[in-house]
Amino acid sequence: MFGYVTVDKPELKVREFYRYKGYYCGLCRSLNEEYGLRGRMTLTYDMTFLVLLLTSLYECKTEEITERCPVHPVKKIPMLCNEISKYGADMNILLTYYHFEDDWKDEKSIPGLAGIHLYKKKAREICEKYPRQSKAIRMQLHNLAVYEKKGETDLDLVAGTFGHLLEELFIMEEDVWEEYLRRFGFYLGKFIYILDAYDDLEKDLEKENYNPLKPMYESFGENQDAYEKEIYQILVMMMAEVGNAYEKLPCLQESEILRNIIYSGVWSKYNKIKKERQEKKEKNGK
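This section reports on the structure supplied with the text. (Residues numbered from 1 in each chain as written. Predicted model: local features only at pLDDT ≥ 70, side-chain atom pairs only at ≥ 80, totals over all residues. Heavy atoms only, no water.)

### With respect to the overall build of the chain
- Scanning the chain from terminus to terminus reveals twelve helices and two strands.
- Here the chain has a C-alpha radius of gyration of 19 Å; the compact-globule value for 286 residues is 19 Å, and the two agree.
- When its C-alpha atoms are laid out on the principal axes, the chain stretches across 55 × 45 × 45 Å.
- Looking at the chain residue by residue over its 286 residues, the buried ones come to 51%.
- Only carbon and sulfur atoms are counted for the fraction: they give 50% of the accessible area of the chain, which is about 14,900 Å². (Helix = DSSP H or I, 4+ residues; strand = E, 2+ residues; numbered from the N terminus. Rg over C-alpha atoms; globule rule 2.2 N^0.38 Å. Buried < 20%, exposed > 50% of the residue type's maximum accessible area, 1.4 Å probe, protein only. Areas by Shrake-Rupley, 256 points an atom, 1.4 Å probe, with all protein chains shown as cover.)

### Examining the side chain of Thr48
- Secondary-structure assignment places Thr48 in helix α3 (residues 45-58).
- Assessed through its relative accessible area of 0%, Thr48 is described here as buried.
- Of the polar contacts made by the side chain of Thr48, one reaches the backbone oxygen of Thr44; its length is 3.0 Å.
- In this structure, Thr48 is in contact with Tyr20, Tyr23, Tyr24 and Leu27, ignoring residues within four places of it in sequence. (Polar contact = N/O pair within 3.5 Å; in protein donor to acceptor, adjacent residues only side chain to side chain. Contact = heavy atoms within 4.5 Å.)

### Considerations on the packing of aromatic side chains
- Within the structure shown, the criterion is met by 15 aromatic pairs.
- For the pair Phe162 and Tyr193, a centre-to-centre distance of 6.4 Å together with 35° between the ring planes defines the contact as tilted. One end of the pair, Phe162, is in helix α7 (residues 155-170); the other, Tyr193, is in helix α8 (residues 178-207), with 31 residues separating them in the sequence. Each member of the pair, Phe162 as well as Tyr193, carries the same accessibility label: buried.
- Within the aromatic cluster, the residues linked to one another by ring pairs are Phe191, Tyr198, Tyr232, Trp267 and Tyr270.
- Above the ring of Phe17, the side-chain terminus of Lys9 is found at 4.5 Å from the ring centroid. (Phe/Tyr/Trp six-rings, centres within 6.5 Å; stacked < 30°, edge-to-face > 60°. Lys NZ or Arg CZ within 6 Å of the ring centre and 35° of its normal.)

### Describing the pattern of salt bridges
- Tallied over the entire structure, the rule returns 18 salt bridges.
- When the shortest N-O distance is used, the salt bridge between Glu33 and Arg29 registers 3.3 Å. Placement of the pair is Glu33 and Arg29 together in helix α1 (residues 14-35), with a separation of four residues, close to one helical turn.
- Taking the relative accessible area as the measure of exposure, Arg29 reaches 15% and is therefore buried.
- The residue Arg182 makes a salt bridge to Glu178 at a minimum N-O spacing of 2.8 Å. Of the two residues, Arg182 and Glu178 are both situated in helix α8; the distance of four residues between them amounts to about one turn of the helix. Just as Arg182 is buried, Glu178 falls in that class too.
- Put simply, Arg132, Glu167, Glu168, Glu174, Glu178 and Arg182 are held in one network by salt bridges that share partners. (Salt bridge = Lys/Arg side-chain N within 4 Å of Asp/Glu carboxyl O.)

### Looking at the environment of Thr42
- Relative to the helices and strands, Thr42 resides in the loop between α2 (37-40) and α3.
- Accessibility expressed as a relative area gives 8% for Thr42, which makes it buried.
- Here the alpha-carbon distance between Thr42 and Ala89, two residues 47 residues apart in the chain, equals 8.7 Å.

This is the structure we're talking about:
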């Protein structure tokens with residue numbers, strides 16, 4: 001994924017931040033246990049959030065382990081691990097493998113081919129264990145590649161494709177909470193995709209790469225303030241749907257961390273992009 005779903009650290013209590021960090025390190029440990037260094041290379045904040053949400057929802061037993069790691073070799077680090085950490089690790093590997101596979105199929109990318117060989121054996125094992133999630137990732141990444149090739153301009157369609165991918169990952173078990181988890185994952189996926197397109201727009205315009213926001217950007221012409229407001233409103237609508245779905249879920253454990261991420265943390269990257277663009281605009285204007 002893209003690393004946009006993280007905490008707003010200044011707004012968290014110190015204890016809560018270290019709990020969050022514990023889940024992040026716990027996912028890293030699970031990746032290392034199951035897949036070694038190649039697993040650790042796939043670690044993301046987004047998947048840490050998935051682990052945190054599902055842990056809270058299902059109130060599964062979580063073990064605190066203190067170990068050293070390559071990043072922090074001097075002192076032992078507290079890690080929070082459970083069965084959902086392993087699920088998150090599996091989904092991380094699947095996403096990584098199919099991303100490399102798409103890069104090879106679409107662009108004959110050498111790094112893509114190398115990635116296929118690196119993760120292929122483990123990915124096949126995960127596919128057998130989670131066929132529904134595997135099928136969704138493969139199909140939706142393929143659809144995104146098709147839309148990119150044809151230059152699809154329907155933002156709702158393209159972002160919704162990534163939304164459908166992400167919603168399947170949030171369904172670890174098809175149970176009574178499936179409806180709300182699907183809504184949650186779908187709109188969060190749309191938010192992530194649109195924010196990523198917003199982040200990449202200037203670079204894509206310069207390099208003439210595909211970006212579904214190009215038509216909207218160009219339609220506003222000189223009135224870029226209106227474009228910025230339109231993007232912001234779209235992102236707000238996506239996260240409003242995410243928040244509505246979240247409030248239907250009985251997530252009591254780690255609720256302060258989850259609320260921090262959903263209602264504040266996801267905007268950290270957006271605010272950073274806005275700030276950097278404003279600073280660049282002011283600098284060029286001098």
